[in-house]
Structure formats: C-alpha cells, structure tokens
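Residues per chain are reported as follows:
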Amino acid sequence: MKATTCLLLIITYLFQVNSNNLIDLTWPFNNVTISWGDGQKYEVTKETIIDKPDGNWYAAKEFALAEHCGTHLDAPYHFAKNGWKVDEIPLSRLIVECVKIDLSEKTAKLGHTSRLLPEDLIEWERRHGPIPPNSVILAYFNWGQFYNDREKYLGANNSASYKFPALSPEAAQWIANTNKVVGVGLDTPSVDPGGTTTKMVHKTLAENQIYGLENVKIPKDYPEKGCHLYVMPMLLAGGTGAPVRIISYLNGN
C-alpha cells in the first residue's frame, strides 16, 4: 500500500470514529517512566518558561531518553541485521486489527513465570476464530498494575536479575508461522522473559519482520477482538526502536 493511500485511509477513518471508542494504550513519559538497565531514563534537560506581566507566555523543554524507554516499539532491526528500521516499517503495518490474549488468571497463579504459550493462542482461535491478517497480538498479563513501582515491575534493580512475564520462544515461532501477525505487544518490559540472555523471542519476531510493542498500557476490560490500533512511533531515521503512541479504536464488534 502506498504511503499516500494509507494516509488518506487514516484521515477518512478518523472522521468516522466516535471519540468515546478511542483508548490510549500509552504510558506517559515522566519521572517514573520505565527504562531498561542503565539506559537513558526520560529526563528534562532544559526548561524555559517566560511569563510576562503583559500576559505573553512562552514555554519550551528539551529532553533525553533511550529509544527503548517507556511505551515503545522494537523495530525488527533491533535483533535482525536485515530487519526493518523504524522508518522502514510500512505504514500498512501500523494501522492494524488487534486481538488480546488474556493471561491474567495464569499470572495470578504463576506470577513472573507466566508465559504466553502456543496453547493459549490455539485456545483463543478455538473461541474466537482465526487471528485476522495484518494484526497485532496484545498479551495481557495484568503486569501494568506494577508500572509505577519500578522494582516490582522489573522484578529487580539489576537487569540480569529482572523477573516478569513474557512470550515463550515457542509462542513466538507459532506467531511467525501464521504469516498474519505484524506486531506483538504486551504490558511488561520485554517480549522476552526477564533474566533471559538468549533473546530468542526478539530474534524470532525480528527475523520475520514482526515488531514488538513493550510497556503497553492494556486495560483489564480491553476486548479480546474487534479492535483496531494506530501504532505511531516517533519517525527516527535508522532507529532500532522508538517511543510510540498507541491509540485503539473499539469498533463495538
């Protein structure tokens, strides 16, 4: 799909959208924004405020942050030499259908060892039908409840000891084999489990040009099907990842 055609579709669709059906799946950037390890945290490096007695006002800020900080997109290039960089991901893969896999009950029992497994995906399809083409899968672990507590959310202060739910390598391969999924998002810091060193989930997704969405703010009552996402990463030329705004439209299906 050409970029101009895709943009026209966005504009046309947005004019038809009921604003009451829009949900922001993005955590704000502030002093509790999650960053990985010793990566650059969100930091305001300069702030200028001019408030003149005559009523004239001026405000501006400068900031620093890592590509992989807060709610962000992992471009395939992050773990695949020939993967798309942020600015190379086709627009048609950023305006997508969305399905939610609810793993919260599993997480309530297993805690940080909870994993998205192939059987979870098979069961979702048994109940709801085939995962639609050009879709993003959102894995909901209910881990976002800890987002404002860095140590609980990451599971440790040292990145080598992080503990949190994620995808299993087998689930990543199952997803890649569908040839229908363009992205995978979850409400945890990484698509790979905390503490793992192999990064097999990242690699499998990246080698199949599937992007990751990490630290997604997924509501508990978010529908399991019938939604669309507008995935809007900062357009960083050559980026391995980027902060992203994720807007969901609930179409009522």
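Quick note: structure is the one above.
Residues numbered from 1 in each chain as written. Predicted model: local features only at pLDDT ≥ 70, side-chain atom pairs only at ≥ 80, totals over all residues. Heavy atoms only, no water.

## Observations regarding the side chain of Ser-190
Phase 1 of the analysis: Assignment of secondary structure puts Ser-190 in the loop between β9 (181-186) and α6 (200-207).
Phase 2 of the analysis: Among the polar contacts made by the side chain of Ser-190, one reaches the main-chain amide nitrogen of Asp-192 at a distance of 3.1 Å.
Phase 3 of the analysis: When residues no more than four places from it in sequence are discounted, the contact partners of Ser-190 are Trp-36, Phe-164, Pro-165, Ala-166, His-202 and Glu-214. (Helix = DSSP H or I, 4+ residues; strand = E, 2+ residues; numbered from the N terminus. Polar contact = N/O pair within 3.5 Å; in protein donor to acceptor, adjacent residues only side chain to side chain. Contact = heavy atoms within 4.5 Å.)

## A look at the packing of helix α3 (residues 118-128) against helix α5 (residues 169-178)
Phase 1 of the analysis: Between α3 and α5, whose axes approach to 8 Å, the crossing angle comes to 45°. Between α3 and α5, the angle is such that the two are oblique. Touching Pro-118, Leu-121, Ile-122 and Glu-125 of α3 are Glu-170, Ala-171, Trp-174 and Ile-175, all from α5. (Axes fitted to C-alpha atoms, helices over the stretch in contact; angles between N-to-C directions. Parallel < 35°, antiparallel > 145°, perpendicular 65-115°, else oblique.)

## Remarks on the packing of aromatic side chains
Aromatic ring pairs are described here by two measures, namely the spacing of the ring centres and the angle between the planes.
Phase 1 of the analysis: If you walk through the whole model with that rule in mind, you get eight aromatic pairs.
Phase 2 of the analysis: Seen from their ring centres, Trp-36 and Tyr-162 are 4.8 Å apart, and the 90° between their planes marks the pair as edge-to-face. Within this pair, whereas Trp-36 is found in the loop between β1 (22-24) and β2 (43-51), its partner Tyr-162 is found in the loop between α4 (150-154) and β8 (166-167), the two being separated by 126 residues in sequence.
Phase 3 of the analysis: Owing to a relative accessible area of 31%, Trp-36 belongs among the partly exposed residues under this scheme.
Phase 4 of the analysis: When its relative accessible area of 1% is taken as the criterion, Tyr-162 is described as buried.
Phase 5 of the analysis: Between Tyr-42 and Phe-63, the aromatic rings sit 5.8 Å apart at their centres with planes inclined by 40°, giving tilted as the arrangement. Note that Tyr-42 is positioned in the loop between β1 and β2 and Phe-63 in strand β3 (residues 57-64), a separation of 21 residues in sequence.
Phase 6 of the analysis: Owing to a relative accessible area of 23%, Tyr-42 belongs among the partly exposed residues under this scheme.
Phase 7 of the analysis: Judged by its relative accessible area of 45%, Phe-63 falls in the partly exposed class. (Phe/Tyr/Trp six-rings, centres within 6.5 Å; stacked < 30°, edge-to-face > 60°. Buried < 20%, exposed > 50% of the residue type's maximum accessible area, 1.4 Å probe, protein only.)

## Let's talk about unusual backbone geometry
Phase 1 of the analysis: Even without being glycine, Lys-199 reaches a positive phi, approximately 55°.
Phase 2 of the analysis: By secondary structure assignment, the location of Lys-199 is in the loop between β9 and α6.
Phase 3 of the analysis: Positive phi, normally seen in glycine, also occurs at Gln-209, with a value near 60°.
Phase 4 of the analysis: Residue position: Gln-209 is located in the loop between α6 and β10 (211-214).

## Points about α5
Phase 1 of the analysis: Those residues of α5 lying buried are Ala-171, Ala-172, Ile-175, Ala-176 and Thr-178. Buried residues of α5 fall within an arc of 155° about the axis and therefore sit on the same side.
Phase 2 of the analysis: Those residues of α5 that are buried lie in contact with β6 (115-116), α3, β7 (135-140), β8, β9 and α6.
Phase 3 of the analysis: Asn-179, located one to two residues past α5, shows a positive phi value of around 60°. (Arc of directions from axis to C-beta.)

## Let's talk about the packing of α5 against α6
Phase 1 of the analysis: Relative to each other, α5 and α6 sit at 10°, their axes nearing to 8 Å. By the angle class used here, α5 and α6 are roughly parallel. Contacts from Pro-169, Ala-172, Gln-173 and Ala-176 of α5 reach α6 at Met-200, Val-201, Thr-204 and Leu-205.

## Some points on the pattern of salt bridges
Phase 1 of the analysis: The full count for this structure, using the stated rule, is five salt bridges.
Phase 2 of the analysis: Between Arg-126 and Glu-123 there is a salt bridge; the shortest N-O distance is 2.8 Å. Placement of both Arg-126 and Glu-123 in helix α3 is noted, with a separation of three residues, approximately one turn of the helix.
Phase 3 of the analysis: The class for Arg-126 is exposed, based on a relative accessible area of 60%.
Phase 4 of the analysis: The salt bridge partner of Arg-127 is Glu-224, with a shortest N-O separation of 3.4 Å. In this pair, Arg-127 sits in helix α3 while Glu-224 sits in the loop between β10 and β11 (227-233), placing the two residues 97 residues apart along the sequence.
Phase 5 of the analysis: Judged by relative accessible area, which is 42%, Arg-127 ranks as partly exposed. (Salt bridge = Lys/Arg side-chain N within 4 Å of Asp/Glu carboxyl O.)

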